[in-house]
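Now for the letters of each chain:
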Amino acid sequence: MGMTMTQKILAKHAGLESVEAGQLIEAKLDMVLGNDITTPVAITEFNKAGLTQIFDKDKISIVLDHSTPCKDIKSAQLCAQAREFAKRFDITNFYDVGQMGVEHALLPEKGLVAPGETVIGADSHTCTYGALGAFSTGVGSTDMAAGMATGLAWFKVPSAIKVTLKGKFQPYVSGKDVMLHLIGQIGVDGALYKSLEFGGEGVKELAMDDRFTISNMAIEAGGKNGIFPVDDVTRAYLNGRVTREWEAFEADPDAVYEREVVIDLDQLRPTVALPHLPSNTRTVDQVEGMPIQQVVIGSCTNGRLKDIKEAAEILKGRKVAKGVRCIVFPATQQIMLDAMAAGYIQTLVEAGCAVSTPTCGPCLGGHMGVLSDGERAISTTNRNFVGRMGPVSSEIILSSPAVAAASAVTGCVTDPAKLENL
């Protein structure tokens, strides 16, 4: 019986010739990740277990991104705990204020993940790195503690759903629309503990930034991971970033999938997810005119250079609507620099946007963008659960950067294609 991409990676890391769905394995890890919220919990468990050493100081990453720059005394204490641990074990990949970025944009940018590798992270959106052909998945802080100490983790081998992409993107359509469409089709539990494996001729139409967005949101469909094949687009991204040897895996022709979902990019329209689930999707023309008070462009889902560029191109020569707050968070310091060099930051500021240092803050209602009672935001983040960005009476609409930027101009949900006529 053939294996999927994910199953081949897990078999190699478990030292086995083959694995099958449902099998329990112990696999070697290439990277263990934590942030300023989850790492302190892992440290507490690490110390409680009496552990005194880590498996490899080069294969642990700690990124202080969720509540930094620190918003209060508690967040400062958590960051201090992470700093002390990183110093104690001389952890190579420790990223603090001024050097950090949103973790799932930062690790690929730094070349810390490569095809065929196995990565766990104490953050559910660790599945982002499947865009590079790696197996990556979110775990709890206890598993992070064990991974830091041993370099090993237990997995149940997931079954898979094949997602076949065909056709080409139409204007103002991007990877975010692909994933919102898919989640709307299969539901938030449609891929529960399954691998979403993307393929088809349409993959070549996707920039790396689109692939990161799609893999990032695999968890929003319940997926264990999302993964893309390694092609010339992937190799071009890796060139100059990853210098160590890596191995790309391809699914066997007779690999077993539970189902196949076909998405025609030619037919895809800009898509949004209404409150309070990522699966509550509509095409933008179905919900145009819904008023908003805040726009958030950024996060581990859509804070990369392509996203900032799309927003800036729409906002160029225009102004954010009166009564609307538009907040932009480039996902890393390098993205900030690149966006500055390209003139995007100046365009956004001139339009009336607030441009911030990298942070996860507004995405989880932590800081720098919390909503008030009854307010509605349109956001390029990944979750729109009740109370996610503020009180339970607030609402979040998920969208692409293009739709978010167009909506900032009008003060209501807007199809970017229609801005040309306004």
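Residues numbered from 1 in each chain as written. Predicted model: local features only at pLDDT ≥ 70, side-chain atom pairs only at ≥ 80, totals over all residues. Heavy atoms only, no water.

### Some words on the UniProt feature "binding site: [4Fe-4S] cluster" (unreviewed entry) in the chain
In the numbering used here, UniProt assigns the feature "binding site: [4Fe-4S] cluster" (unreviewed entry) to Cys-300, Cys-360 and Cys-363. These annotated residues cover 64 residues of sequence, but their C-alpha atoms sit close together, with the largest distance between any two at 9.3 Å. Mapping Cys-300 onto the fold places it in helix α9 (residues 299–302). The exposure class of Cys-300 is buried, given its relative accessible area of 8%. Those residues in contact with Cys-300, other than ones at most four positions away along the chain, are Val-102, His-104, His-125, Asn-216 and Asn-382. In this structure, Cys-360 sits in the loop between β16 (354–355) and β17 (376–379). Other than its neighbours up to four places away in sequence, Cys-360 contacts Asp-65, His-66 and Val-102. (UniProt positions renumbered as here; feature names shortened; annotations may be inferred. Helix = DSSP H or I, 4+ residues; strand = E, 2+ residues; numbered from the N terminus. Buried < 20%, exposed > 50% of the residue type's maximum accessible area, 1.4 Å probe, protein only. Contact = heavy atoms within 4.5 Å.)

### Here we look at helix α10 (residues 305–315)
Among all positions of α10, only Asp-307, Ile-308, Glu-310, Ala-311, Ala-312, Ile-314 and Leu-315 are buried. Its buried side turned inward, α10 meets β14 (294–298), α9, β15 (325–329), α11 (333–341), α12 (344–351) and α13 (401–410).

### Some thoughts on the sheet that holds strand β3 (residues 60–63)
Reading across from one edge, β4-β3-β2-β5-β6 is the order of the 5 strands in this open sheet, with parallel pairing throughout. This sheet does not close on itself; its edge strands, each paired only once, are β4 (93–95) and β6 (135–138). Direction aside, neighbouring strands of the sheet carry axes that sit 15° apart on average. Relative to β4, β3 is paired through 3 bridges, and the arrangement is parallel. From the neighbouring strand, Ser-61 faces β4, where its bridge partner is Asn-93. Against the sheet, helix α2 (residues 38–48) touches β2 (31–35) and β3, its axis set at about 115° to β2. In the packing of helix α5 (residues 141–150) onto the sheet, the strands contacted are β2, β3 and β5 (118–121), and the crossing angle to β2 comes to about 135°. (Pairing = 2+ DSSP bridges. Axes fitted to C-alpha atoms, helices over the stretch in contact; angles between N-to-C directions.)

### Observations regarding the domain arrangement of the chain
Splitting the chain by domain gives domain 1 (5–244 + 255–263) and domain 2 (273–419). Centre-to-centre separation of domain 1 and domain 2, based on C-alpha positions: 24 Å. Each partner contributes to the interface: domain 1 provides 37 residues, whereas domain 2 provides 39 residues. Roughly 2,900 Å² of surface becomes buried between domain 1 and domain 2 when both sides are summed, with 61% attributable to carbon and sulfur atoms. When the buried area of domain 1 at its contact with domain 2 is split by residue, Val-102, Tyr-172 and Lys-176 rank highest and sum to 21% of it. (Domains from an automatic or database assignment. Buried area = accessible area lost by both parts, 1.4 Å probe.)

### Description of the pattern of salt bridges
If you walk through the whole model with that rule in mind, you get 20 salt bridges. In this structure, Glu-117 and Arg-244 form a salt bridge, with 2.9 Å as the shortest nitrogen-oxygen distance. You can see Glu-117 sitting in the loop between α4 (103–109) and β5 and its partner Arg-244 sitting in the loop between α8 (232–238) and β11 (259–264), a full 127 residues away along the chain. Note that Arg-383 and Glu-220 form a salt bridge whose closest N and O atoms lie 3.0 Å from each other. (Salt bridge = Lys/Arg side-chain N within 4 Å of Asp/Glu carboxyl O.)

### Quick notes on the state of the cysteines
Overall, the coordinates contain 0 disulfides when judged by the stated rule. Sulfur of Cys-79: no disulfide; nearest cysteine sulfur belongs to Cys-70 and is 3.6 Å away. Among the residues examined, Cys-79 registers a relative accessible area of 0% and is labelled buried. Between Cys-360, a cysteine without a disulfide, and Cys-300, which holds the nearest cysteine sulfur, the sulfur-to-sulfur distance is 6.4 Å. (Disulfide = S-S within 2.5 Å.)

### Points about the side chain of Glu-220
Positionally, Glu-220 belongs in the loop between α7 (208–216) and β10 (225–227). With relative accessibility at 3%, the residue Glu-220 sits in the buried group. Among the polar contacts made by the side chain of Glu-220, one reaches the side chain of His-125 at a distance of 2.5 Å. Apart from residues no more than four positions distant in its own chain, Glu-220 is found in contact with His-125, Ile-183, Val-188, Pro-278, Asn-382, Arg-383 and Phe-385. (Polar contact = N/O pair within 3.5 Å; in protein donor to acceptor, adjacent residues only side chain to side chain.)

### Notes on the nonpolar core
Among the nonpolar cores identified, the biggest contains 41 residues, and Val-295, Ile-297, Leu-315, Cys-326 and Leu-348 are the most heavily contacted of them. When residues of this core are traced back to their parent elements, those giving at least two are β14, α10, β15, α11, α12 and α13. Looking at this core, the element that brings in the most residues is α13, giving 7 residues. Beyond its immediate sequence surroundings of up to four residues, Leu-315 is in contact with Val-320, Thr-347, Leu-348, Ala-351, Cys-353, Ala-405 and Val-409. (Core = buried A, V, L, I, M, F, W, Y, C linked by side-chain atoms within 4.5 Å.)

### Section: the packing of helix α6 (residues 175–186) against α7
Two numbers describe how α6 lies on α7: the axes approach to 8 Å, and their chain directions differ by 25°. The pairing of α6 with α7 is recorded here as roughly parallel in orientation. α6 and α7 meet at a crossing whose hand is right-handed. From α6, Gly-175, Lys-176, Val-178 and Met-179 reach across to α7, where they touch Asp-210, Thr-213 and Ile-214. (Parallel < 35°, antiparallel > 145°, perpendicular 65-115°, else oblique. Left-handed = near helix turned anticlockwise from the far one by under 90°.)

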